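Chain by chain, the residues:
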Protein chains: 2
Amino acid sequence: MSVTLAIDAMGGDHGIVVTVPACCDFLEKHDDVKIALVGDAELLKQALSQFPNALTQRVEIVPATEVVLMDDPIEVALRRKKDSSMRVAIEWVRDGKADAIISAGNTGALMAISRYILKTLEGVDRPAIATAIPNELGRGTTMLDLGANADCEPMHLVQFAQMANVMVQVVDGTANPSIGLLNIGEEVIKGNEVVKQTSELLRQTNLNFYGNVEGNDIYKGTTDIVVCDGFVGNIVLKASEGLAKMMSGMIREEFNRSLMTKVMAICAMVPLLRVRKRVDHRRYNGAVLLGLRGCVIKSHGSADRFAYGFALDRAYEAAKNRLVDRIAQAFALEVKE
Amino acid sequence: MSVTLAIDAMGGDHGIVVTVPACCDFLEKHDDVKIALVGDAELLKQALSQFPNALTQRVEIVPATEVVLMDDPIEVALRRKKDSSMRVAIEWVRDGKADAIISAGNTGALMAISRYILKTLEGVDRPAIATAIPNELGRGTTMLDLGANADCEPMHLVQFAQMANVMVQVVDGTANPSIGLLNIGEEVIKGNEVVKQTSELLRQTNLNFYGNVEGNDIYKGTTDIVVCDGFVGNIVLKASEGLAKMMSGMIREEFNRSLMTKVMAICAMVPLLRVRKRVDHRRYNGAVLLGLRGCVIKSHGSADRFAYGFALDRAYEAAKNRLVDRIAQAFALEVKE
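Basis of the calculations
Residues numbered from 1 in each chain as written. Chains lettered and ligands numbered in written order. Predicted model: local features only at pLDDT ≥ 70, side-chain atom pairs only at ≥ 80, totals over all residues. Heavy atoms only, no water. UniProt positions renumbered as here; feature names shortened; annotations may be inferred. Helix = DSSP H or I, 4+ residues; strand = E, 2+ residues; numbered from the N terminus. Rg over C-alpha atoms; globule rule 2.2 N^0.38 Å. Buried < 20%, exposed > 50% of the residue type's maximum accessible area, 1.4 Å probe, protein only. Contact = heavy atoms within 4.5 Å. Buried area = accessible area lost by both parts, 1.4 Å probe. Salt bridge = Lys/Arg side-chain N within 4 Å of Asp/Glu carboxyl O. Polar contact = N/O pair within 3.5 Å; in protein donor to acceptor, adjacent residues only side chain to side chain. Pairing = 2+ DSSP bridges. Axes fitted to C-alpha atoms, helices over the stretch in contact; angles between N-to-C directions. Core = buried A, V, L, I, M, F, W, Y, C linked by side-chain atoms within 4.5 Å. Phe/Tyr/Trp six-rings, centres within 6.5 Å; stacked < 30°, edge-to-face > 60°. Lys NZ or Arg CZ within 6 Å of the ring centre and 35° of its normal. Least-squares fit on C-alpha atoms with pLDDT ≥ 70 in both. 1 Å grid on protein atoms, 1.4 Å probe; cavity = no way out; pocket = protein on both sides within 12 Å on 5 of 7 lines; lining within 4 Å. Points joined across faces, edges and corners; volume = space filled by probe spheres on them. Domains from an automatic or database assignment. Nonpolar A, V, L, I, M, F, W, Y, C, P; charged D, E, K, R; others polar.

Per an unreviewed UniProt entry, chain A carries the name Phosphate acyltransferase and comes from Polynucleobacter meluiroseus. The UniProt entry for chain A carries the following comment under Subcellular location (unreviewed entry): "Cytoplasm".

(A) Representation of the overall build of chain A. Of regular secondary structure, chain A possesses 14 helices and 11 strands. The C-alpha radius of gyration of chain A comes to 21 Å, within 12% of the 20 Å expected for a compact globule of 337 residues. Principal-axis analysis of the C-alpha atoms gives chain A an extent of 65 × 60 × 35 Å. Across the 337 residues that make up chain A, the buried fraction comes to 60%. Contacts in chain A between residues at least 24 apart in sequence constitute 72% of all its contacts with a sequence separation of at least 6.

(B) Inspection of the interface of chain B and chain A at higher detail. Listed as interface residues are 60 residues of chain B and, on the opposing side, 60 residues of chain A. Taken together, the two surfaces of chain B and chain A that pack against each other cover about 5900 Å², and 71% of this comes from carbon and sulfur. Applying the counting criterion to the chain B and chain A interface returns four salt bridges. On the surface where chain B and chain A come into contact, there are eight residue pairs in polar contact (both at pLDDT 80 or more). Secondary structure elements with two or more residues in the side of chain B that touches chain A: helix 6 (107-118), helix 8 (193-204), helix 9 (215-220), helix 10 (230-255) and helix 11 (259-279) of chain B. Looking at the side of chain B that touches chain A, the element that brings in the most residues is helix 10 of chain B, giving 19 residues.

(C) Spotlight on the sheet that holds strand 11 (residues 295-298) of chain A. All names here are of chain A. Spatially, 11 strands are ordered 3-2-1-4-11-10-5-6-9-7-8 in an open sheet, and the strand pairing comes out mixed. Single-partner strands in this sheet number two, and they are strand 3 (59-63) and strand 8 (208-213). Sheet twist, expressed as the mean angle between neighbouring strand axes with direction ignored, is 25 degrees.

(D) Examining the nonpolar core more closely. Leu5(A), Leu37(A), Leu323(A), Leu5(B), Leu37(B) and Leu323(B) are the most contacted members of the largest nonpolar core, which has 242 residues in total. If we ignore the near neighbours within four places in the chain, the residues touching Leu323(A) are Val166(A), Met167(A), Val170(A), Val171(A), Val288(A), Leu290(A) and Ala318(A).

(E) Up close: the side chain of Ser114(A). Residue and element names in this part refer to chain A. Positionally, serine 114 belongs in helix 6 (residues 107-118). A polar contact is formed between the side chain of serine 114 and the backbone oxygen of leucine 110, at a distance of 2.6 Å. Ignoring anything within four residues of it in the chain, the contact list for serine 114 reads Ile90, Lys119, Leu289, Leu292 and Val296.

(F) Molecular detail of the packing of aromatic side chains. Residue and element names in this part refer to chain B. For the structure on display, the rule yields four aromatic pairs over all chains. Consider the rings of phenylalanine 306 and phenylalanine 310, whose centres lie 5.2 Å apart with planes at 70 degrees: the pair is edge-to-face. Of this pair, phenylalanine 306 and phenylalanine 310 both sit in helix 12 (residues 305-320), separated by four residues, roughly a single helical turn. Taking the relative accessible area as the measure of exposure, phenylalanine 306 reaches 35% and is therefore partly exposed. A cation over a ring is seen here: arginine 79 above tyrosine 116, with NZ or CZ 5.9 Å from the ring centre.

(G) Examining the sheet that holds strand 3 (residues 59-63) of chain B more closely. All names here are of chain B. Spatial strand order, 3-2-1-4-11-10-5-6-9-7-8: 11 strands in an open sheet with mixed pairing. In this open sheet, the two strands that pair with only one neighbour each are strand 3 and strand 8 (208-213). This sheet shows a mean twist of 25 degrees between the axes of neighbouring strands, independent of strand direction. As paired elements, strand 5 (residues 128-134) and strand 10 (residues 287-290) share three bridges and run antiparallel to each other. Of the residues in strand 10, the one forming a bridge with alanine 130 is valine 288. Each of strand 4 (100-103), strand 5, strand 10 and strand 11 (296-298) is contacted by helix 6, which is oriented at about 175 degrees to strand 11, the strand it contacts most. Across the sheet, helix 8 is in contact with strand 7 (178-182) and strand 8; its angle to strand 8 comes to roughly 160 degrees.

(H) Quick peek at the pattern of salt bridges. Enumeration according to the criterion identifies 30 salt bridges over all chains in this entry. One salt bridge connects Asp25(B) with Arg305(B), and the closest N-O pair in it is separated by 2.8 Å. Of this pair, Asp25(B) sits in helix 1 (residues 16-29) while Arg305(B) is found in helix 12, placing the two residues 280 residues apart along the sequence. What makes Asp25(B) partly exposed here is its relative accessible area of 28%. Using a relative accessible area of 40% as the deciding quantity, one classes Arg305(B) as partly exposed. Here Arg282(B) ties to Asp304(B) by a salt bridge, and the two come within 2.7 Å at their closest N and O atoms. On the criterion of sequence distance, the pair formed by Arg282(B) in the loop between helix 11 and strand 10 and Asp304(B) in the loop between strand 11 and helix 12 is long-range, its members being 22 residues apart. Salt bridges here are not isolated pairs; linked through shared partners, they connect Glu254(A), Arg257(A) and Arg274(B).

(I) Spotlight on the environment of Asn106(B). Residue and element names in this part refer to chain B. When you line up the elements, asparagine 106 lands in the loop between strand 4 and helix 6. By relative accessible area, which is 3% here, asparagine 106 ends up buried. For the pair asparagine 106 and aspartate 31, spaced 75 residues apart in sequence, the C-alpha to C-alpha distance is 30 Å. Discounting residues that sit within four places of it in the chain, asparagine 106 has contacts with Val68, Leu69, Met70, Asp71, Asp72, Met86 and Lys298.

(J) Examining the relation of the copies chain B and chain A more closely. The transformation that overlays chain B on chain A combines an axial shift of 0.0 Å with a rotation of 180 degrees, and the residual RMSD is 0.0 Å. Taken together, the rotation and translation describe the operation of a two-fold axis.

(K) Examining empty space enclosed by the protein more closely. Residues and elements named next belong to chain B. Scanning the entire structure with this criterion turns up four cavities of 30 Å³ or more. Approximately 50 Å³ is the volume attributed to the largest cavity. Every element with two or more residues in the lining of the largest cavity is listed here: strand 10 and helix 13 (323-336).

(L) Looking closely at the domain arrangement of chain A. Residue and element names in this part refer to chain A. With domains assigned, chain A is organised as domain 1 (1-124 + 291-322) and domain 2 (125-286). With centres defined by C-alpha atoms, the gap from domain 1 to domain 2 works out at 25 Å. The partner domain 2 presents 19 residues to the 23 residues of domain 1 that form the contact. Taking both partners together, domain 1 and domain 2 bury about 1700 Å²; carbon and sulfur atoms supply 60% of that area. Considering only the surface of domain 1 that becomes buried against domain 2, Met111, Val124 and Arg314 emerge as the three largest contributors, covering 34% of it. Counting across the interface, domain 1 meets domain 2 through two salt bridges. For the pair domain 1 and domain 2, the interface holds six residue pairs in polar contact (both at pLDDT 80 or more). Residue assignment for the side of domain 1 that touches domain 2 shows that the elements contributing at least two residues are helix 6, strand 11 and helix 13 (305-320). Looking at the side of domain 1 that touches domain 2, the element that brings in the most residues is helix 13, giving eight residues. Class assignment of the residues belonging to the side of domain 1 that touches domain 2 gives a composition of 11 nonpolar, seven polar and five charged.

Here you go:
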C-alpha cells in the first residue's frame, strides 16, 4: 500500500525552502510514498527542479493561490482564504486523494479549517493536539491537549485519553499505554474541580489509568500518556521550551566567555552534542490533531529541513497504521458498550 | 531594629540537621537577628552545642512536642497536632514575638495552619504562594500562585497581582514592577474564560500591567511578575524542575560515559559549574505566603543548609521591610479609592 501525503508547502516560518527539500529527503527514504505539494505552482516547480527526477516524479504539484500567514486571525484563514495551500491540502484528505496532511502553518487556523473541512469523528466532542515530549527514559511522553481547548470539561479530557491511547498503541507500538492525569501535588488542594471529576470518570473506563501525575512526571516518563487541558498543556510546553532555551543559552555563554573556556568547549563538545541530540526537540516534531475524520499533522512553525522530516515520519506512521480508522473504531466500541 | 525569626526547626525532609546549622550561619552574617528554634528541646540543645556561644546566645529554644510530617493530611496537621513545631512557630508570629516564621514542612499544612492562626489580611480573599524563578536576565521572575488555589476567580488573580506588586517593590527593590498574566499563545482560543476576564480587570487597576505572557516569558524575564492560578503555577514549576533535572542528569551521564568523557568533564568543569550556579534553584529558595497577617516563608522541603539560608534571607528582607504592613496598606488604599 502506498501512502500519499498532502503538504501545505507554503506554511510555516520558512515555507518552500524547508518543505520541498524535506519532502525530497523523505521520498528518498520511502519508496512507497507519493507527495502532493500544495502551493504556488511556479515556485514549487522551481524548487523541485533542484532535485533528481527519480524523486520528483512521485511529486504532484497542486496549485493554490493563497497562503495562511502565521498571524492571520482564524476567521480570515477560514472564511476569506478559500484557496489557501493549507485548505487545499486538507481538502485532498477529505476527498480521499491523500492519506494525511502536514502543515507548519498557524496552528489555530489548521485546527479550525480541519474541523470545518474534515469534521470530527463520531463520539469526539473536541479534537485535541498531541505530541511526544522527550523524557528521561529516552522515549517520548505523549501529552495532550497542547492548546486546542482552553476550557475543558471532564468528558473532554476522558476523550483525549481515549484518543491518545489508540495513538500510542498504533503509532509508537506500545501495548496498553499507561495514562496519567496532570495534577498538582502536595499543595493545599489536590487538583481543581475538573481534574477531580475526570479522575473518577477515567477510573470507570477500561483504560490503563495510572492516576494523577505531577509536572515533573512528564520528564520522568512516569506514564506513557499525560492528559491535561489545552491551557495547562500549552503553558507547560512553552515554559519548557523557554527553560531549555535559557539553559542552552547559558551553556553557550559560559563556554564563550574567554579563549580558555572556548578551548574547554572544544574538549567538551562530544558529550554536550550527545546531550543536545537526546533532548533535541526537532526529533519530536510533528503534533497530531486527534479526533478529526482525517490525519492532520502540525509541524513546528520554525522547523528546519531536519525537523520537518520527523513531522513527515509521524504522518507516514499514522497514515500507514490507519490511526484515524482505529480511533473511529475505538469510539464506536465505546458507544456500543 | 532587630529581627526575630521563628523557625519550624523540625520541618522538611532533613529537620534539625539542616535548620540549626543554617540558622547559625545566618546569625553569623546578621548581628541584628534573633532566632527562636521551635521543636524538640533536647535535640535542639544538642545540635546547638556544636556552635559557638557567641552565636547561640541569640537563639531561644522553644519546645514543641509534635512534628507535622511531609505526608500528614492537612486535617491531621491542623486539628490533631496542636503542639507541632510548625504551629507553635506560627503562633510566635501571631503573638508578636517573632517577625517571620520559616518552615520547610508540608506546604498544605503550613498554608492551612497559617490561615487558621494568623488569618488573612483585610481585602484579601485568598492567600497565595509566590516565589522567584531564575530567568535569562539573571534576576528572578516572581511567579504566583504556585499551588495554594487550584480554582481561581478573576478577582483572586487580581489580588495576587496586587500582593506581588508590593512584594517585588519592597523585597526586591524594583520600582513599578511589570505584571504579566500567564496565557496561551497563537493557538486556537486565546485563553480560558477566567484569564480573559482577569485581563480586563487588570487593565482597570493602576498596576503596571503588561498584558498576557506565555510560558516561555517566565524564563525570558519579559515581566517582573507572572500571575496564574495555583493549578497552572504548580504544574509549570514542577515540570520545570523535572526538565532541569533531566537535562543535568543527561549532562552527568554523557560525561560519565567513558574515561575519555570523564577527562572532558574535568576540562569543562568551570563553565558547567558557572551554569549550574546561575540556574541553581537553591539560590531561589524561599517562597512567600502572601496575604496573611504575618510573614510566612516556605523553604523547599529538600533544602540543604545552603538553600535554607536563602529562605532565611527572604524572611529577613520581608520582615525588615515590613512586607505584611505594606500589603495591608496597599489593600486599605484599594478599598478607599
